[in-house]
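These are the residues of each chain, in order.
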Amino acid sequence: LFDGVYPFYLQQRKAAVFDVSSIIVIVVFLTFACSFLLIIPGIRGRARLYWTLRVLLSLLVGVVIVAVQFTGDWETGWVTANTSYKSFSRALVNADIGLHVGLAGVNVTLMGNPVNQVNETIDYNEHFAWSFDADYDDSYSEGLEKGLPSPILYVAEKFTTQSPCSMHRQYRISGHYASATLWVAFCTWLISNMLFSMPVLVYGGYMLLVTGAFMVFSLLSFSTVRNSLMCPIQFGTATLHTTYGGSFWLTLAIGLLCFVAGITVVALHYFNLDLLKTFFDLREDKAEEHQEMTEVYVNTHFVNNGR
């Protein structure tokens, strides 16, 4: 202690929804999109519109598959409560306590109402990771050493390996399987793009269906935690309840989009192949191959010698 004041520790901050990794992924895909938009004026006629739709939709699927790996809002919950602020202190504060669950860890936020109370600024956002290269219990122990506010430690304690709630094991395993299936979906998305460019259109449609299936499998894997008994997170009479967050619903929407696109490609292959080839800018090449020669030039010198 320095004159009765705890020493300053850097907070283990990580954005509750988007962090640096997510922003990097989005910037990379935006760079690809902007690069394509620069060359799109060189494509002639109606094919320009078809190319724009195909490329932008494909990039949208890819950026969502990768970005949601790093977001922290697969499951979120907020509660407003009067709670103790520090251990061994009777001082109560009114604050919003938030829980944001991602595939690689949890974020616990604490925001005072108002922010300045008990002579302090109550604005905390702490990240506790359970990825393969991180130890959740070590992160929690560091939080204890820092002297984090009691509400943050109370919520974080629910996810430790020693907690009788067993929430750590449930969320960690489901998060790892969800992340693994999303990476498989990313690989099938790459394969579908290669098949469309070869072009083997119907097989590209099949791979889009596989991509959507793996995205749905990731959602099913993450949602298995809902089937187990959850420990209540209670602050006095107020209870913190969590619901599926934006990343969960965004992944579901893109998975359904992959299903719709894949079914459309396969159906057009069997029922209207010309329309499908027109959309993928292949019909003109076929027409050129079968185009009849309208004029024939004959060298009369060789014809006379042949006689």
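Thresholds, definitions, all that
- Residues numbered from 1 in each chain as written.
- Predicted model: local features only at pLDDT ≥ 70, side-chain atom pairs only at ≥ 80, totals over all residues.
- Heavy atoms only, no water.
- Helix = DSSP H or I, 4+ residues; strand = E, 2+ residues; numbered from the N terminus.
- Contact = heavy atoms within 4.5 Å.
- pLDDT = per-residue confidence, 0-100.
- Core = buried A, V, L, I, M, F, W, Y, C linked by side-chain atoms within 4.5 Å.
- Buried < 20%, exposed > 50% of the residue type's maximum accessible area, 1.4 Å probe, protein only.
- Domains from an automatic or database assignment.
- Pairing = 2+ DSSP bridges.
- Axes fitted to C-alpha atoms, helices over the stretch in contact; angles between N-to-C directions.
- UniProt positions renumbered as here; feature names shortened; annotations may be inferred.

Pulling in residues and values, what's your account of the environment of Pro-232?
Relative to the helices and strands, Pro-232 resides in the loop between helix 6 (201-223) and strand 5 (233-235). Ignoring any residue separated from it by four or fewer positions in sequence, one finds Pro-232 in contact with Tyr-154 and Lys-158.

Describe the confidence of the model for the protein chain, and please don't skip the residues or the numbers.
Mean pLDDT for the protein chain: 83, with 85% of residues reaching 70 or above. Of the regions scoring below 50 in pLDDT, residues 285-294 engages in 1 contact with residues more than four places distant in sequence or in other chains.

Kindly report on the nonpolar core, identifying the contributing residues and their values.
Within the largest apolar cluster, 60 residues are counted, with the highest numbers of intra-cluster contacts made by Leu-99 and Phe-159. At 9 residues, helix 2 (residues 47-67) tops the list of elements feeding residues into this core. A domain-level breakdown of this core finds at least three residues from each of domain 1 (20-70 + 170-227 + 245-280) and domain 2 (75-166). Counting 6 residues, the second largest nonpolar core, distinct from the first, contains Leu-201, Leu-208, Val-265 and Leu-276.

For the sheet that holds strand 7 (residues 243-244), give the residues involved together with the corresponding values.
A sheet is described by the order of its strands in space; here 5 strands give the open sequence 4-3-2-1-7, paired in antiparallel fashion. A single partner strand is all that each edge strand has here, and the edge strands are strand 4 (120-129) and strand 7. Pairing analysis gives 7 bridges linking strand 2 (residues 92-101) to strand 3 (residues 105-117), with the strands arranged antiparallel. Looking at strand 3, one finds that Val-101 is bridged to Val-106. Helix 3 (residues 136-146) rests against strand 3 and strand 4 of the sheet, and its axis sits at about 160° to strand 4.

Give a detailed account of the UniProt feature "transmembrane region" (unreviewed entry) in the protein chain, specifying residues and quantitative values.
The UniProt record marks residues 20-39, 51-71, 91-110, 177-196, 202-225 and 246-271 with the feature "transmembrane region" (unreviewed entry), using the residue numbering of this structure. Secondary structure content for residues 20-39 is 100% helix and 0% strand, while the C-alpha to C-alpha distance between its ends is 29 Å. For residues 202-225, the helix share is 92%, the strand share is 0%, and the end-to-end C-alpha distance is 37 Å.

How would you summarise the pairing of strand 4 if you had to cite specific residues and measurements?
Of all 10 residues in strand 4, 7 are buried, a share of seventy percent or more. Bridge count for strand 3 against strand 4 is 9 bridges, and the pairing is antiparallel. Bridge assignment links Val-108 to a residue of strand 4, and that residue is Glu-126. Between strand 3 and strand 4, which pair antiparallel and follow one another directly, the connecting turn spans 2 residues, one of which, Val-118, has a positive phi of 45°.

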